[in-house]
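Each chain, written out:
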Amino acid sequence: MLTTLKTTYTDTRAADLAWCLGKDPLPALAVLDLQLADSQVQLRLLGASHQVLLEEDDGVCSETVACLPGSATPLPLGVAKRIGAWEYEFAARIETLSHGSFAGRAQELLALVAEHPYGLAGTFPGSPHAFTALLAQRCDGQVSWRTWHAYPQEGRLVATRTRVGARTAAALS
């Protein structure tokens, strides 16, 4: 699903993104509710980026990656944590692209997510290549999602990848 977000576009920077687990739901500009087997997943586009809420019988996981005032946790390159009965893994990378490459990559990602049944993308007014996009899936008992945050004014694309799954028997011993 592709939507135009109804908010003022402000020039933020990729370096302003912060990561947080366990945050309560924040006001969203667009939401996509998904049922992936036994998992309820809510993809949320915020004015400042994204939030994903995952709920199963085993618990709840809330991931927020956004430009939030006063946030003390910058975007990490990688995180591995236990959340109740789950193993949580997060990875992020920042790509710097030329103007022409950025425009092409933005169009490619928006087309991919807009056509996917478990995808949500929002473009910001003021720049055709300013967007946040999320894509979720469930495979082998694990829920995963990928996100992309575009900053055309600086030619940067922030990509994240998250996986949440039950701890294996080896991890429990």
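Just above, that's the structure.
Every chain is numbered on its own, with residues counted from 1 as its sequence reads. The predicted nature of this model means local features are confined to residues of pLDDT at least 70 and side-chain atom pairs, given and counted, to a pLDDT of 80 or more, with totals for whole chains, interfaces and linings taken over all residues. In computing side-chain properties, one takes all heavy atoms of the structure into account and sets aside hydrogens as well as water.

Comments concerning the overall build of the protein chain
When helices and strands are tallied, the protein chain shows two helices and twelve strands. Secondary structure elements follow DSSP: runs of H or I of four or more residues count as helices, runs of E of two or more count as strands, with numbering from the N terminus. Walking the protein chain from its N terminus toward its C terminus, one meets helices and strands in the order β-β-β-β-β-β-β-β-α-β-β-β-β-α. Throughout, the radius of gyration refers to the C-alpha atoms, and the reference size of a globule is 2.2 Å times the residue count to the power 0.38. Relative to a compact globule of 173 residues, whose C-alpha radius of gyration would be 16 Å, the protein chain shows 16 Å and is just as compact. Along the first, second and third principal axes, the C-alpha atoms of the protein chain reach 50 × 35 × 30 Å.

Focus on the sheet that holds strand β8 (residues 86-96)
What the seven strands build is an open sheet, ordered β1-β9-β10-β11-β12-β8-β7; its pairing is mixed. Among the strands making up the open sheet, the edge pair consists of β1 (2-4) and β7 (78-83). Strand-to-strand twist of the sheet, defined as the mean angle between neighbouring strand axes without regard to direction, takes the value 15 degrees. Of the pairings in the sheet, the one linking strand β11 (residues 142-151) to strand β12 (residues 156-166) comprises ten bridges and is antiparallel in character. Across the sheet, residue alanine 150 finds its bridge partner in β12, namely leucine 157. For two strands to count as paired, DSSP must find a minimum of two bridges between them. Lines are fitted to the C-alpha atoms to define the axes, a helix being fitted only along its stretch in contact, and any angle between axes, read from their N-to-C directions, falls within 0 to 180 degrees.

So, the pairing of strand β5 (residues 49-56)
Most of β5 sits out of view: seven of its eight residues are buried. Bridge count for strand β4 (residues 39-46) against β5 is seven bridges, and the pairing is antiparallel. Counted as the bridge partner of leucine 46 is serine 49 from β5. Taken together, β4 and the strand that follows it, β5, pair antiparallel across an intervening segment of two residues. Two strands pair when backbone bridges link them, and β5 and strand β6 (residues 59-66) are joined in this way by eight bridges, in the antiparallel orientation. Any residue under 20% of the maximum accessible area for its type is buried, any over 50% is exposed, and the rest in between are partly exposed; the area is computed with a 1.4 Å probe on protein chains only.

A few points about the sheet that holds strand β3 (residues 30-36)
Strand order in the open sheet formed by five strands is β2-β6-β5-β4-β3, and the pairing between neighbours is antiparallel. Unpaired on one side and paired on the other, β2 (18-21) and β3 mark the two borders of the sheet. Here the strands of the sheet are splayed against their neighbours by 10 degrees on average, with no regard to which way each runs.

Quick look at the pattern of salt bridges
Any Lys or Arg side-chain nitrogen located within 4 Å of an Asp or Glu carboxyl oxygen qualifies as a salt bridge. Per the counting criterion, the structure on display carries five salt bridges. Across the salt bridge formed by glutamate 95 and arginine 93, the nearest N and O atoms sit 3.0 Å from each other. Here arginine 93 falls in the partly exposed class, since its relative accessible area comes to 40%.

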